[in-house]
Amino acid sequence: MNQKLSKGAYGGIAGKDYVPYVPKNSGSGGNAAVLIIGIALSALFAASTAYSGMKAGLTVAAGIPGSILGSVFIAMFAREKGILGKTLLQGMASGGESIASGMIFVFPAILLIGSQVTFLEGLVIGVGGSLFGIGAASLVYNYLIVEEHGKLMYPESMAISETLVASEGAKDSLKFMGIGFGIGGLITAVTSSFLNITNNVISFVHEPFYKWKFQLEVNPLLLGIGFIVGMEVSLTMFAGSILSNFAITPLIGYFATLGSGGPAVWNNPSVSVNAMGVGDIAGSYVKYIGAGMMLSGGLIGAVKLIPTVIASIKETMNARGKGAGAGSSVETVILLSGIIVGFIGGFLVSGGNIAMAVLGAVLSMVLSLMFVIVSGRLTGTIGTSNLPVSGMTIASIVIVTLLFVGLGWKSVDDNKALLLFGSFIVTAIAAAGGYCQSQKVSFIIGGSKNEMQKYFAISSVVGVVVVTCVILLLSNQLSMTGDNVPFALPQANLMATLTAGIMSGQLPWVMIICGIMMGIVLFLLGLPVMTVAIGFYLPISTTSIILIGALVRFLVEKYSKNEKVKEAKVSNGVSLSSGLVAGGSIIGLIGIVLQVTGIISGAGPSGFANSNGMAFILLIILVVATAIPLFKSEVKNAK
């Protein structure tokens, strides 16, 4: 069998005439071993994505690393299942990652409004949203995957498919993932996330006259994310941080010091405006300008989606009208399960308010259905990594918030219920994107649609359980607000600010509107509003290390002797970076578990170990350890 996809995989023929890589009727790709391995991969990528996503505001698609790890496990435990087994495993890895990418957008916002969440709430809302998203996306499978073959390119699906068939490349990829996991794990182990024996934040803060702050957190998972997203995204985010820390903060500080005495900070009565330090300005003022920028970015994205929404629904209805979307009993069961669990969730979170339970559940499902179709179509165009989940979620939450306010549901408990309905919607949107991407891989390789459906649904439930547990484990750190918090939670902070502010009428509108106007200016200049806004909102310590990761990639590309070498080294770098993200996230999570349970405790670093100098040394070790394997890697047939 050729280790290459046919030209027909990329289009040129009708989807119904496409001959997959593995002949049809080649048997099942699944068995007990594949299922167990898939559950483990789903849990791994759900935990890693939840941790890194809440830290950085960015997530990394799991399809390719999942297919690489899946190849190894298939070879070890289920060799007879071959590439069909690997296909199911990449789908299950993507299932866990997709659920995490969705849930962390809204679910932690409940902690930020001062409320609490339970495991049961997370489980019911998450499972309902994921099953509804998978079931709704299954309704349009024939249209999105088969009829639009070659028109909707599914770029990430094709990259995963190529990775699956290029089995000889798996050894190198796995080696670099292992190197990255080792580097990420070791450096994370000595920082505050685990043993806490060394400082890992380079920090310069200037308070008098021109108030500014520059920090850099030596964090392997953030460096790995920077390498994966590349220079353009990293530099755009860092530009937002420069605007926040070196323009807006000093400007607010300048005007604040002109007052003699003056009022207290609007949300911190213990600090007077003219005595604000950099941290007070960032946490009480600049943060809300950033929220306004993200809000404008999300709403602009939602408005730009309107033609896609209309076209997607129209074409989907036409396809269903022709009978092209004939479904199976599996998808019917999954969709009905999502609807039933969704209504159960509505009654669970509404506190006995039957009108809220019914109206909230129905509106959530209608919005989810609309955006699930859009999510599936956009995944076919730009992939799940670039899916504008923010825009779709913000638009949905604004609509649900207006319903709640109109009906007089404005208490903290009502706000919590609103955010749980929002969690249902965003989980459905994210699950649908990951599901469509995985089904396209299965279609290209030759796997069973129904089998992928079942295995992806199982992985999504596993993802919900893991993400809910991670959020509950980190709840004390996630509920912190202000400047220099352990987890920035840009999207969840926006949802909390938006819903709580609209409901209470206490939203700091001047700052929000200022941010919205800045977002509009960015849009008119043709800049990516949401990317700049996330950079503006995130701590500069996060965006600066992400930029370092992108710089490593830039140097690897620049000093590769030809295009083939560059592609190979960047591919190795992406594998290594996936290992950095996984190692940093998993070891960080283990460390927090040990700290919470009291197994690890200590006073923290002191002396030189607590200095900027120590953090500089750690940064040099991280960059050198990451770069050397990539520069030294040999590329076969590179001439």
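Right above here is the structure, for reference.
Because the structure is predicted, anything quoted here is derived from the model rather than measured.

(A) Representation of the overall build of the chain. The number of helices and strands found in the chain is 22 helices and 4 strands. Principal axes of the C-alpha set define a box for the chain whose edges measure 80 × 60 × 50 Å. Taking all 639 residues of the chain together, 59% fall into the buried category. In the chain, 85% of the contacts between residues at least 6 apart in sequence involve partners at least 24 apart. Each charge sign in the chain was given a centre, from 33 positive and 24 negative side chains, and these centres are 7 Å apart.

(B) Region of interest: helix H17 (residues 490–504). For H17, built from 15 residues, the straight-helix expectation of 21 Å at 1.5 Å per residue is met to within 8% by its first-to-last C-alpha distance of 21 Å. Most of H17 sits inside the fold, with 12 of its 15 residues counted as buried. Where H17 is concerned, the buried positions are Pro490, Gln491, Ala492, Asn493, Leu494, Met495, Ala496, Thr497, Leu498, Thr499, Gly501 and Met503. Note on H17: the residue one or two positions beyond its end, Gly505, has a positive phi of about 75°.

(C) Just the pattern of salt bridges, in detail. Applying the stated criterion to the full structure yields 7 salt bridges. Close ionic contact of Lys55 with Glu217 constitutes a salt bridge, the shortest N to O distance being 3.5 Å. One end of the pair, Lys55, is in helix H1 (residues 32–56); the other, Glu217, is in strand E2 (residues 212–217), and 162 residues separate them in sequence. Residue class for Glu217 comes out buried when judged on its relative accessible area of 11%. Its salt-bridge partner being Glu331, residue Lys449 comes within 3.2 Å of it at the nearest N-O pair. Of the two residues, Lys449 sits in helix H15 (residues 449–473) while Glu331 sits in helix H11 (residues 329–349), which places them 118 residues apart along the sequence. In terms of burial, Lys449 and Glu331 fall into one category: buried.

Reading the values: the criteria
Residues numbered from 1 in each chain as written. Predicted model: local features only at pLDDT ≥ 70, side-chain atom pairs only at ≥ 80, totals over all residues. Heavy atoms only, no water. Helix = DSSP H or I, 4+ residues; strand = E, 2+ residues; numbered from the N terminus. Buried < 20%, exposed > 50% of the residue type's maximum accessible area, 1.4 Å probe, protein only. Contact = heavy atoms within 4.5 Å. Lys, Arg positive; Asp, Glu negative; His and termini not counted. Charge placed at Lys NZ, Arg CZ, Asp CG, Glu CD. Expected span 1.5 Å × (residues − 1). Salt bridge = Lys/Arg side-chain N within 4 Å of Asp/Glu carboxyl O.

Remember that the coordinates give geometry; whether it matters functionally is a separate question.
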